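Residue strings, one per chain:
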Amino acid sequence: MTPRLALCKPLAAIGLDDAVVGKQDGSWIISTGLQEIALSGYSAGGLLSELRPVSFVRVRSTQVAGQYRHEVRLVQAPLASTASFELIVPPAPTVSEVQAGGASATTLWPEIQALKIQPTFKGTYQLRRGFKKTRELSVDDGPDEIQDALSVLADDEGSFSVSNPATNIAHITFNGSMAGIDQELIEVAVFSAPPGDPTVILDLNTAEIAAALRGATEVKPDLEIEVAIQDENDPAKTYTLTPFRAPITLIRELNWEGLETAANIDWLRPPYGRTYVPFTPDQIITGSQHYVAPIGDGVNSDFTISHNLGTRDLHVTVRQNSGTRAIVEPLAVTFDGEDDLSITFEDAPALNGYVVTISTAGPVSAFQAHGHTIAQIEGLQLILDDLGERVEDLESFIPTSPGVSGNEQTVIAAWELPELFEVFPTRQKIEAKDVPSIKPTDLPRVGGLLPAVHVDPLVFTTVAALPIIPVTGVIYEYTNTAAPLVIPGYLGRRSTKLNAPGFFAWDGRGFYQVEQIIAGEKVFYPSDFSRELFRIHVNGKQLRLGKRLSLDFSLVAAVFNSNTSVHWGVAIDIGLPSGNPPNPSNIADVTFLPPSLDHSFMLTSVPSSHGFGLRVVRKLVDFVDTCVVDRVIYGATEATETTLTTANFILQRPASCDSTPTTTKPIPADSSRSMG
């Protein structure tokens, strides 16, 4: 019987004798006359529940041209469905610790915290540290914006730096005064977050899905979302819309909880990639050492065994070497030493009748030859990184070419040295902008140079007035404190007054004032040619720990109309101010140390340039705050013996001139200017 004829009998039973049955597109179309009978499907005797996949009958009745047409169709039930949803907000930003701040005897490493922001987060957030808080931030803010906002959370003399090592993650580093300290996690507060997204959780553990996947490895049903919308004008009316439908793939699982078991590990090929700490097979412990030996000769019942395990903490097991391999209890076991023992049996075992196994009780660990990587030693990488940064700082002070080298540093404090131009001993203005542009023919009436005086031994002739019969090569010390001594003018110079105690000399034609530039030196230079070209004061706030002071200057000098040798001496002195009371703001006196730079050079009628400088680096030397001083002479950096334990000092640069006696009247010229 065909399915069409099989439907006619049940239709007649409900009064549809004239029904005409046809099949169209998987549905049965039942056409009848004027009988207004509405059909509905139901499960007779549970027959529909036996259908696979699970289905139900859907009947649609319409009236066409005076006839009723009933469409009967078997519709498969959904594999899974739900009518509930939840409003779920995206995860808020979180902060976790990447590296705890800490310190060793010589090294500081900073705290590093990770700020993670999910890309689905749509609100604004605020970072808080104690009672301090930043402005509101969003997912659109990058590392630069976060670092700028964090500046208000820093301690005094502390700062934050922010990097972006991975997507959606910002690393926050505590620098400055906050480095080397284990910090509390920065807190995150969320502001103006939008409402949660409607989220549907669909349970796929259904009988329908299990039935669909019973005979197939995968199925591709449609995922459909229907939305019921209430009419805003008539609350009794609702409209059903399908805003989303897309095919998905369901795959039958091959493993389930009942199959979970411990994995077998092939120790000949140890696992890798489970940790970021480097791992090598050479570092596998060989385990508890053991020694196995067969014993027995059919005669003796006492045996001494050398196991060479190096300990008395041992387990001794004896078994039969054949048959059932049963465990045998020896009569006695004596540990004679760390490398041997004695074992006694009641009866003599047969030839190789027993096997003795000796194993260590504790881990007398024996490693194969191996080394350790940096990452395997906790904290070593941080110490090396810190030392590397210090080496880079030191390398920045080493010149790579004539002149001072080093990485560019931010200028914290700066002094602009005065630009000086002078022609002397004349007091008249010279129409020239610098030394090379001086024309000897345009110079005024010339004066004369004065010689330095060398005295050995270092003795003085004390006088209370100008000597009547002076002697050359003698240093006269004026000691009359009642009134100054008038030194007559000589070689184009005006007369001067010398206060006691003071020094003067005689060159065979006239008197002139002299001075000892360096304490204890046996040379006295003419005071008329001495110049203090600049003096600057440096304090500890300007030269902080780890910073460097660079002093650079140059001068151009020449001598004109001279028939004698002339040389200039340049020195840089460092002075330590003393307060009364002890306070740099109330300076009572300055004590100058021996010159950190002392150099002389010859002058000729050809103008010559000369460059000098000083480098002062403040750092820890044997855990003592120390200022180390180097000098720069013609671009080369040299170490000095000057070492300071204070960053509060004064720099001055004196210069002096010396010549041999001459019958002419030369005029030396000097120019000094700041270089860098």
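This one's a predicted model, so the numbers in the text were calculated from it and none came from an experiment.

Reading the values: the criteria
- Residues numbered from 1 in each chain as written.
- Predicted model: local features only at pLDDT ≥ 70, side-chain atom pairs only at ≥ 80, totals over all residues.
- Heavy atoms only, no water.
- Pairing = 2+ DSSP bridges.
- Helix = DSSP H or I, 4+ residues; strand = E, 2+ residues; numbered from the N terminus.
- Axes fitted to C-alpha atoms, helices over the stretch in contact; angles between N-to-C directions.
- Buried < 20%, exposed > 50% of the residue type's maximum accessible area, 1.4 Å probe, protein only.
- Polar contact = N/O pair within 3.5 Å; in protein donor to acceptor, adjacent residues only side chain to side chain.
- Salt bridge = Lys/Arg side-chain N within 4 Å of Asp/Glu carboxyl O.

Trainee: Break down the sheet that holds strand β3 (residues 55-64) for me, citing the residues and quoting the values.
Mentor: Read from one edge to the other, the open sheet built from four strands follows the order β1-β2-β4-β3, with strand pairing classed as antiparallel. At either end of the open sheet lies a strand with only one pairing partner, and these are β1 (20-24) and β3. Strand-to-strand, the axes of this sheet are offset by a mean angle of 20 degrees, without reference to chain direction. For β1 and strand β2 (residues 27-32), the ladder comprises five bridges, and the chain directions are antiparallel. Within β2, the position partnered with K23 by the bridge is W28.

Trainee: An account of the side chain of N648 is requested, with residue identities and associated values reported.
Mentor: Looking at the secondary structure, you find N648 in the loop between β43 (636-644) and β44 (649-659). We classify N648 as buried; its relative accessible area is 14%. Among the polar contacts made by the side chain of N648, one reaches the side chain of H537 at a distance of 2.7 Å.

Trainee: How would you sum up the sheet that holds strand β24 (residues 332-334)? Please name residues and give values.
Mentor: Pairing in this open sheet of three strands is antiparallel, and the strands run β21-β25-β24 from one edge to the other. The open sheet has two free edges, formed respectively by β21 (302-306) and β24, since each of these has just one partner strand. With strand direction ignored, the average angle separating the axes of adjacent strands in the sheet is 20 degrees. Sheet topology note: the β21/strand β25 (residues 340-344) ladder contains five bridges and is antiparallel. Among the inter-strand pairings, F303 is bridged to a residue of β25, identified as I343.

Trainee: I'd love a proper account of the side chain of T626, names of residues and values included.
Mentor: Structurally, T626 can be placed in strand β42 (residues 624-633). According to the relative accessible area criterion, T626 is buried, its value standing at 7%. Within the structure, T626 has its side chain in polar contact with the backbone oxygen of V624 (distance 3.0 Å).

Trainee: Now, about the pattern of salt bridges: what can you tell me, with residues and values included?
Mentor: Throughout the structure, instances matching the rule amount to ten salt bridges. Residue D155 pairs with R129 through a salt bridge whose shortest N-O separation is 3.0 Å. Taken as a pair, D155 in the loop between α2 (143-150) and β12 (158-166) and R129 in strand β10 (residues 124-129) lie far apart in primary sequence, 26 residues in all. According to the relative accessible area criterion, D155 is partly exposed, its value standing at 32%. On the basis of relative accessibility, which here comes to 16%, the residue R129 falls in the buried class. Of the charged contacts, one joins E224 and R245 as a salt bridge, the two residues approaching to 2.3 Å between their closest N and O atoms.

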